[in-house]
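Summary of the model geometry
Next come the chains, spelled out residue by residue.
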Amino acid sequence: MQEIDESQPFGAYRPTPLQAWAHGRAQRLRRRDWIGFQLQTSLFKLAGGKVPGAVYDVPVFGTEKARLHPTGNICEKRCYSASQFWDDEERAFLAAALFDKNHPDTPLFLDIGSNVGLYGLALHAAARARNEDFRILAVEPDPTLRSRLNFNYEASGVQDWSVEAVAITPEDGPVSFAIDEENRGRNAIGGNTDGMSVEGVTLPSLLTGHGITRIDAMKIDIEGHEIAALTPLFAQAERSLWPKVICVEIDDERNASPAAFCEDNGYIREGETKMNALLRLPD
């Protein structure tokens, strides 16, 4: 198992020359058919993606820098494998909303369940390409993931961002938060009884605390608690404070549908991917 000192600067955990070649070649893949998948899988293995506990400092999304842990977190694994394919439709939808020329001021991206900040990095890359500015408010209760997010944003030169160490809940107050060591992307409120205690806040409380009056784009992925988190926003906040666009799971494991819940509250489904619905609030 590799000894990791997360305080080391970006570049301290460079891939070997072979791993760097394989990773770079994978980042240039364009085929998404069976042949492309086989190439991606082979390159991922050559790049050291299956080495237990390995960590790599690599470029992602063309212009960004990330310290990725391909084992123990599915989203980091997928991004290390081929960042150009990682939630690319979702990212394009959010970027189009954020960088709409009609914005009266600097647009805001609200990232609920930020994990290691990959959506923020991808949107930062899109902002660079358009020579645009935007703000990020990230929410991530897991201190390990939050530390990785902070590192990735700092390494990539993200300027206007803040991260809240809370869970979004239907009412304010502490909640139990369970860590999944095999896939930290499946961390969730509740779960096993020995979970850590984190502060829970409602979305209206979060927004009030930051003085936010407009959300241009929001991604929410909190493992089955999306409807509970969105309910206070739709019930208590003025419609002008609702996100202009939302990326949210189509269904969760309890057979509820966060996407349908948003539609019930007036959102229009403009598209969907395998996992997520892309929704817009009509003017």
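Structure shown above.
Right, let's walk through the structure included here.

A short note on helix H6 (residues 143-156)
Since the α-helix turns once every 3.6 residues, residues separated by three or four places project in the same direction. Between its first and last C-alpha, H6 extends 20 Å over 14 residues, near the 20 Å set by a 1.5 Å rise per residue. Those residues of H6 that sit buried are Leu145, Arg146, Arg148, Leu149, Phe151, Asn152, Tyr153 and Ser156. Along its buried surface, H6 packs onto strand S2 (64-68), helix H3 (74-82), helix H5 (118-130), strand S4 (135-139) and strand S5 (161-164). Its side-chain oxygen at 2.9 Å from the backbone nitrogen of Thr144, Asp142 defines the N-terminal cap of H6. A positive backbone phi angle near 75° is found at Gly157, which sits one or two residues after H6.

Some thoughts on the packing of aromatic side chains
For the structure on display, the rule yields 10 aromatic pairs. Centroid distance Phe44 to Tyr80: 6.2 Å. Interplanar angle 70°. Geometry classified as edge-to-face. Of this pair, Phe44 sits in helix H2 (residues 34-46) while Tyr80 sits in helix H3, placing them 36 residues apart in sequence. Overall, Tyr80 belongs to the buried group, its relative accessible area being 1%. Centroid distance Phe234 to Trp242: 4.7 Å. Interplanar angle 55°. Geometry classified as tilted. A network of ring pairs unites the aromatic residues Phe234, Trp242, Phe261 and Tyr267 as a single cluster.

Topic: the environment of Thr213
Within the element layout of this structure, Thr213 appears in the loop between helix H7 (203-209) and strand S10 (217-220). Judged by its relative accessible area of 63%, Thr213 is exposed. Linking Thr213 and Trp242, residues 29 residues apart in sequence, is a C-alpha distance of 9.1 Å. Excluding residues that lie within four positions of it along the chain, Thr213 makes contacts with Ser240 and Leu241.

A word on the nonpolar core
A general trend in soluble globular proteins is that nonpolar side chains are found buried together. Within the largest apolar cluster, 46 residues are counted, with the highest numbers of intra-cluster contacts made by Phe61, Leu94, Phe109 and Leu118. Not counting chain neighbours up to four residues away, the residues in contact with Leu118 comprise Phe61, Leu68, Cys75, Glu76, Cys79 and Trp86. If you look at the next biggest cluster of nonpolar residues, it comprises 33 residues, including Leu108, Ile112, Leu230 and Ile246.

Things to note about the pattern of salt bridges
Per the counting criterion, the structure on display carries 15 salt bridges. In this structure, Asp88 and Arg32 form a salt bridge, with 2.5 Å as the shortest nitrogen-oxygen distance. With Asp88 in helix H4 (residues 88-98) and Arg32 in the loop between helix H1 (17-27) and H2, the pair connects residues that are 56 residues apart, well separated along the chain. When its relative accessible area of 25% is taken as the criterion, Asp88 is described as partly exposed. The network of salt bridges with common partners includes Glu6, Asp57 and Arg67.

As for the side chain of Glu140
The topology assignment puts Glu140 in the loop between S4 and H6. No salt bridge forms around the buried Glu140; measuring N to O, its nearest opposite-charge neighbour Arg146 is 6.0 Å away. Within the structure, Glu140 has its side chain in polar contact with the backbone nitrogen of Ser114 (distance 3.5 Å). Looking at Glu140, its side chain comes within polar contact range of the main-chain nitrogen of Asn115, at 2.8 Å. Residues in contact with Glu140, not counting those within four places in the same chain, are Gly113, Ser114, Asn115, Leu145, Arg146, Val163, Glu164, Ala165 and Val166.

Things to note about the sheet that holds strand S3 (residues 108-112)
Strand order in the open sheet formed by seven strands is S5-S4-S3-S10-S11-S13-S12, with mixed pairing between adjacent strands. If you trace the sheet from one side to the other, it starts and ends with S5 and strand S12 (268-272), each paired once. Pairwise comparison of adjacent strand axes, ignoring direction, gives a mean angle of 15° for this sheet. With five bridges joining them, S3 and S4 adopt parallel strand pairing. Its bridge partner being in S4, Leu108 is matched across the sheet by Arg135. Packing of H6 onto the sheet brings it into contact with S4 and S5, and relative to S5 it is tilted by some 175°.

Some points on the environment of Arg78
For Arg78, the position within the fold is in helix H3. Considered as a pair, Arg78 and Gln38 are 40 residues apart in the sequence and their alpha carbons are 14 Å apart. Excluding its chain neighbours within four sequence positions, the residues that come into contact with Arg78 are Ser83, Trp86 and Asp87.

A short note on the packing of H1 against H3
In contact at an axis separation of 6 Å, H1 and H3 are set at 85° when each is read in the N-to-C sense. By the angle class used here, H1 and H3 are roughly perpendicular. In contact with His23, Ala26 and Gln27 of H1, H3 contributes Cys79, Tyr80, Ser81 and Ala82. Residues of the contact of H1 with H3, tallied by class, amount to four nonpolar, three polar and no charged.

Rules used throughout
Residues numbered from 1 in each chain as written. Predicted model: local features only at pLDDT ≥ 70, side-chain atom pairs only at ≥ 80, totals over all residues. Heavy atoms only, no water. Helix = DSSP H or I, 4+ residues; strand = E, 2+ residues; numbered from the N terminus. Expected span 1.5 Å × (residues − 1). Buried < 20%, exposed > 50% of the residue type's maximum accessible area, 1.4 Å probe, protein only. Contact = heavy atoms within 4.5 Å. Polar contact = N/O pair within 3.5 Å; in protein donor to acceptor, adjacent residues only side chain to side chain. Phe/Tyr/Trp six-rings, centres within 6.5 Å; stacked < 30°, edge-to-face > 60°. Core = buried A, V, L, I, M, F, W, Y, C linked by side-chain atoms within 4.5 Å. Salt bridge = Lys/Arg side-chain N within 4 Å of Asp/Glu carboxyl O. Lys, Arg positive; Asp, Glu negative; His and termini not counted. Pairing = 2+ DSSP bridges. Axes fitted to C-alpha atoms, helices over the stretch in contact; angles between N-to-C directions. Parallel < 35°, antiparallel > 145°, perpendicular 65-115°, else oblique. Nonpolar A, V, L, I, M, F, W, Y, C, P; charged D, E, K, R; others polar.

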